[in-house]
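Descriptive structure summary
Here's the letter readout for the chains.
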Amino acid sequence: MFNSFIRKFYYGDIPEDNAGGSTTDSTPVSNSGWPLWEIFIRSKQGLDHKHVGSLHAADATMAIENARDVYTRRQEGISIWVVESKYITASNPEEAGELYEPAADKIYRHPTFYQLPDEVNHM
Amino acid sequence: MAIPDFEKIFQGKIDEEIKIEPKDWMPDAYRKTNLRQISQHAHSEIVGMLPEGNWISRAPSLKRKAILLAKVQDEAGHGLYLYSAAETLGMNRDEMINDLHSGKAKYSSIFNYPTLTWADMGAVGWLVDGAAILNQVMLCRTSYGPYARAMVRICKEESFHQRQGFESLLVLSRGTDEQKAMCQDAINRWWWPSLMMFGPKDSESTNSDQSMKWKIKRKTNDELRQQFVDMIAEQIKVLGMKLPDDKLKWNEERKHYDFGEINWDEFWQVVKGNGPCNKQRLEARRKAHEDGAWVREAAVAYASKKNAAKTKAA
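On a predicted model such as this, the values are computed, not experimentally measured, just so you know.

Thresholds, definitions, all that
- The residue numbering used here restarts from 1 in each chain and proceeds along that chain's sequence as written.
- Written order decides the labels, with chains lettered from A and ligands numbered from 1.
- Only residues with pLDDT of 70 or above have their local features reported here, since the model is predicted, and side-chain atom pairs are shown and tallied only from 80 upward, although totals for entire chains, interfaces and linings are computed over all residues.
- Side-chain descriptors were evaluated using all non-hydrogen atoms of the structure, hydrogens and water having been removed beforehand.
- Numbered from the N terminus, helices here are DSSP runs of H or I no shorter than four residues, and strands are runs of E no shorter than two.
- Burial classes: relative accessible area under 20% of the type maximum marks a residue as buried, over 50% as exposed, and values in between as partly exposed (1.4 Å probe, protein chains only).
- When checking whether two residues touch, look at their non-hydrogen atoms; a contact exists if any pair is within 4.5 Å.
- A 1.4 Å probe and the Shrake-Rupley method give the accessible areas. Residues count as covered only by the protein chains that appear here.
- Restricting the calculation to C-alpha atoms gives the radius of gyration, and the globule rule supplies 2.2 Å times the number of residues raised to the power 0.38.
- Counted charges follow a simple rule, with Lys and Arg positive, Asp and Glu negative, and His plus the chain ends left uncounted.
- Note that the charge is assigned to NZ on lysines, CZ on arginines, CG on aspartates and CD on glutamates.
- The term salt bridge refers to a pairing of a side-chain nitrogen on Lys or Arg with a carboxyl oxygen on Asp or Glu at a separation within 4 Å.
- Helix span, expected: 1.5 Å multiplied by one less than the number of residues in the helix.
- What we call the bend at a residue is the angle made by axes fitted to the seven residues finishing there and the seven residues starting there.
- As defined here, a cavity is a set of points on a 1 Å grid over the protein atoms alone where a 1.4 Å probe fits but cannot get out. A pocket is an open set with protein on both sides within 12 Å along at least five of seven lines, and residues line them when an atom is within 4 Å of a point.
- Grid points are joined across faces, edges and corners, and a volume is the space filled by probe spheres set on the points.
- Here the term charged refers only to Asp, Glu, Lys and Arg, the term nonpolar to Ala, Val, Leu, Ile, Met, Phe, Trp, Tyr, Cys and Pro, and the term polar to all other amino acids, Gly among them.
- One confidence number per residue, pLDDT, is output by the predictor and ranges from 0 to 100.
- Under the pairing criterion, centres of Phe, Tyr and Trp rings, with the six-membered ring standing for Trp, must be within 6.5 Å; the plane angle then separates stacked pairs below 30 degrees from edge-to-face pairs above 60, leaving the rest tilted.
- Axis definition: a line fit to C-alpha positions, over the contact stretch in the case of helices; interaxial angles, taken between N-to-C directions, run 0 to 180 degrees.
- Angle categories: roughly parallel below 35 degrees, roughly antiparallel above 145, roughly perpendicular from 65 to 115, and oblique for all the rest.
- Left-handed describes a crossing whose near helix is turned anticlockwise from the far helix through less than a right angle; right-handed describes the clockwise counterpart.
- Two strands pair if DSSP finds at least two bridges between them.
- For patch detection, residues must exceed 30% relative accessible area and be free of salt bridges, and they are connected within 9 Å for like charges or within 5 Å for nonpolar side chains (Val, Leu, Ile, Met, Phe, Trp, Tyr).

**Notes on the overall build of chain A**
Scanning chain A from N- to C-terminus turns up two helices and three strands. Going residue by residue from the N terminus, the α and β elements of chain A occur as β-β-α-β-α. Taken over 123 residues, chain A has a buried fraction of 30%. Considering only contacts in chain A between residues 6 or more positions apart, those separated by 24 or more positions represent 44%. For chain A, the exposed area adds up to about 8600 Å²; of that, 55% sits on carbon and sulfur atoms.

Structural data, given as structure tokens:
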């Protein structure tokens, strides 16, 4: 049913029919031997490493070299961490409600919960 | 929970400008549309290296050569950002590359035009990248998180592309008569294809517009095209050149430039594979991929050998 809605063709979203490539299948050349790596970059000393994206590489050394070329062409980083994506365990967004519920009703954990007289400074 | 509820929650997030992330529930068609659009965008960056690669070895000076190299390297990087954004939707890289090579997947038709003179490098930067940037700036606010983040990074890098193009044309426009003529000729050839980059007219579709409702896109083709015409019509005055359109005229009432009709027949011909360079571009991509196969295999062999040695030592 949804397909009936997306008939409008946008730049960068041209409908799928043959674009003029050969109709004979080219042998699929696979690089699936290259796992996916998640890349974390420290932009400067004193800051956390931050996730910037992912890329494929045969091993960790290559992942770091590729990350340098892909993510730090303009000196965006001074340190790189790479982790193979399969080792990342993520929380399930569908369970977010239950997972974070315990924090929701504890407003006394925030400094703004406490009303102090105006004379009290620096607190 | 019934499926319609999921859809309601999903649309609720979109309406509240909450980004959709890879593991969130999303309608199949949303996934598909994003996948098609992001992978096409990635392919466009990759194929887009070819018309410019043509001039790296013939750049008129070392400075221009270094600039062009940096720009082409950026395009490769942009392709990679986008491929990994597309991968978060569940399609692997090999499938995408195979779809490009088989002609199943599209890329921007603009790259099926040849780059005949050095001035084309300027025109491509100014007009083609200029058109792309308008679209990309809008996409920084697209609803799918990984796509939006890739776009933010790309936009930061892309503005140098357009500026270097304009500056390169500016030099030609102040040069000899031959250089001026070359500059004008490149503009003549790239103007209409650049306008086509924004896609068919809004009036082509009478259907309700799901891509807008899902905030994958936030401006229509015609809006972006008009924005582009208004911008370029002013900038070209600085170059002292002319856009090849007799109908181009400021409309005081609309506060926009009017412009002539695009040759839509040409547009669809190029989309369908009959442009000047479609075959050549795909051949070049296929050849590069196939010629590089041994390097990819060797890297895997080396990695597993090293891994085995490490396991043994441990």
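**Some remarks on the overall build of chain B**
Assigned secondary structure in chain B consists of 13 helices and two strands. Here the C-alpha radius of gyration of chain B, 22 Å, is about what a compact globule of 314 residues would show, namely 20 Å. Based on the C-alpha atoms only, the size of chain B along its principal axes is roughly 70 × 50 × 35 Å. Looking at chain B as a whole, 55% of its 314 residues qualify as buried. Counting contacts in chain B only where the partners sit at least 6 residues apart, residues at least 24 apart contribute 76% of the total. Total accessible area computed for chain B in this model is approximately 14300 Å², and 57% of it derives from carbon and sulfur atoms. Of note, chain B has its 47 positive side-chain charges centred 5 Å away from the centre of its 43 negative side-chain charges.

**Structural notes on the pattern of salt bridges**
Here the structure, examined in full by the defined rule, presents 27 salt bridges over all chains. Between Lys71 of chain B and Glu75 of chain B there is a salt bridge, with the nearest N and O atoms lying 3.2 Å from each other. With Lys71 of chain B and Glu75 of chain B both in helix H4 (residues 62-87), this residue pair falls four residues apart, about one helical turn. Residue classification places Glu75 of chain B among the buried positions, given a relative accessible area of 4%. Of the charged contacts in the structure, one is a salt bridge between Glu87 of chain B and Arg93 of chain B, with a shortest N-O distance of 2.8 Å. Pair check on accessibility: Glu87 of chain B and Arg93 of chain B agree, each one buried. Linked by salt bridges that have partners in common, Arg73 and Arg74 of chain A together with Asp74 and Glu157 of chain B make up one network.

**Observations regarding helix H6 (residues 119-139) of chain B**
Residue and element names in this part refer to chain B. Spanning 21 residues, H6 covers 29 Å between terminal C-alpha atoms, matching the ideal 30 Å at 1.5 Å per step. Taking the largest bend as the criterion, H6 deviates by roughly 30°, centred on Asp129. The buried fraction of H6 is high, at 20 of 21 residues.

**A short note on empty space enclosed by the protein**
Residue and element names in this part refer to chain B. Enumeration over the complete set of coordinates arrives at six cavities of 30 Å³ or more. Counted as a void, the second largest cavity has a volume near 150 Å³. If you trace the second largest cavity, you find 15 residues lining it, with Glu45, Glu75, Phe111, Asp129 and Ala132 closest to the centre. For the lining of the second largest cavity, the secondary-structure elements that each account for two or more residues are helix H2 (28-47), H4 and H6. Broken down by element, the lining of the second largest cavity gets its largest block of residues, five residues, from H6. Along the lines of polarity and charge, the residues of the lining of the second largest cavity split into five nonpolar, four polar and six charged.

**Some points on the confidence of the model for chain A**
Residue and element names in this part refer to chain A. Summary statistics for chain A give a mean pLDDT of 81 and a share of 74% for residues scoring 70 or more. Averaged over each element, pLDDT in chain A is lowest for helix H2 (residues 96-104) (90) and highest for strand S3 (residues 79-84) (97). Long-range and interchain partners of residues 1-12, a stretch whose pLDDT sits below 50, account for 39 contacts in this model, where long-range means more than four residues apart.

**Some remarks on the packing of aromatic side chains**
Think of a pair of aromatic rings as described by two things: how far the centres are apart, and how the planes are tilted against each other in angle. Residue and element names in this part refer to chain B. Under the defined criterion, the tally for this structure stands at 16 aromatic pairs over all chains. Here the aromatic rings of Tyr30 and Trp214 are separated by 5.6 Å at their centres, their planes lie at 90°, and the arrangement is edge-to-face. Pair noted here: Tyr30 is in helix H2 and Trp214 is in the loop between helix H9 (210-213) and helix H10 (221-239), with a separation of 184 residues, a long-range link. Judged by its relative accessible area of 0%, Tyr30 is buried. For Trp214, a relative accessible area of 2% puts it in the buried group. For the pair Trp264 and Phe267, a centre-to-centre distance of 5.4 Å together with 80° between the ring planes defines the contact as edge-to-face. With Trp264 and Phe267 both in helix H11 (residues 264-274) and three residues apart, the pair spans about one turn of that helix. Both residues of the pair, Trp264 and Phe267, count as buried.

**Concerning the packing of helix H3 (residues 49-56) of chain B against H6 of chain B**
Residues and elements named next belong to chain B. Two numbers describe how H3 lies on H6: the axes approach to 10 Å, and their chain directions differ by 155°. Viewed along their axes, H3 and H6 adopt a mutual orientation that is roughly antiparallel. Every pair of crossing elements has a handedness; the one defined by H3 and H6 is left-handed. Contacts between H3 and H6 involve Pro51, Glu52 and Trp55 from the first element and Met121, Val124 and Asp129 from the second.

**Considerations on the sheet that holds strand S2 (residues 49-56) of chain A**
All names here are of chain A. The strand order across the open sheet formed by three strands is S2-S1-S3, and the pairing between neighbours is antiparallel. Whereas interior strands pair on both sides, the edge strands pair on one side only; in this sheet they are S2 and S3. Strand after strand, the sheet turns through a mean of 25° between neighbouring axes, direction not considered.

**Regarding a nonpolar patch on the surface**
Side chains of Ile107, Tyr108, Phe113, Tyr114, Leu116, Val120 and Met123 of chain A sit close together on the surface and give an oily, nonpolar patch of about 770 Å² of accessible area. When you line up the elements, Leu116 of chain A lands in the segment after H2.

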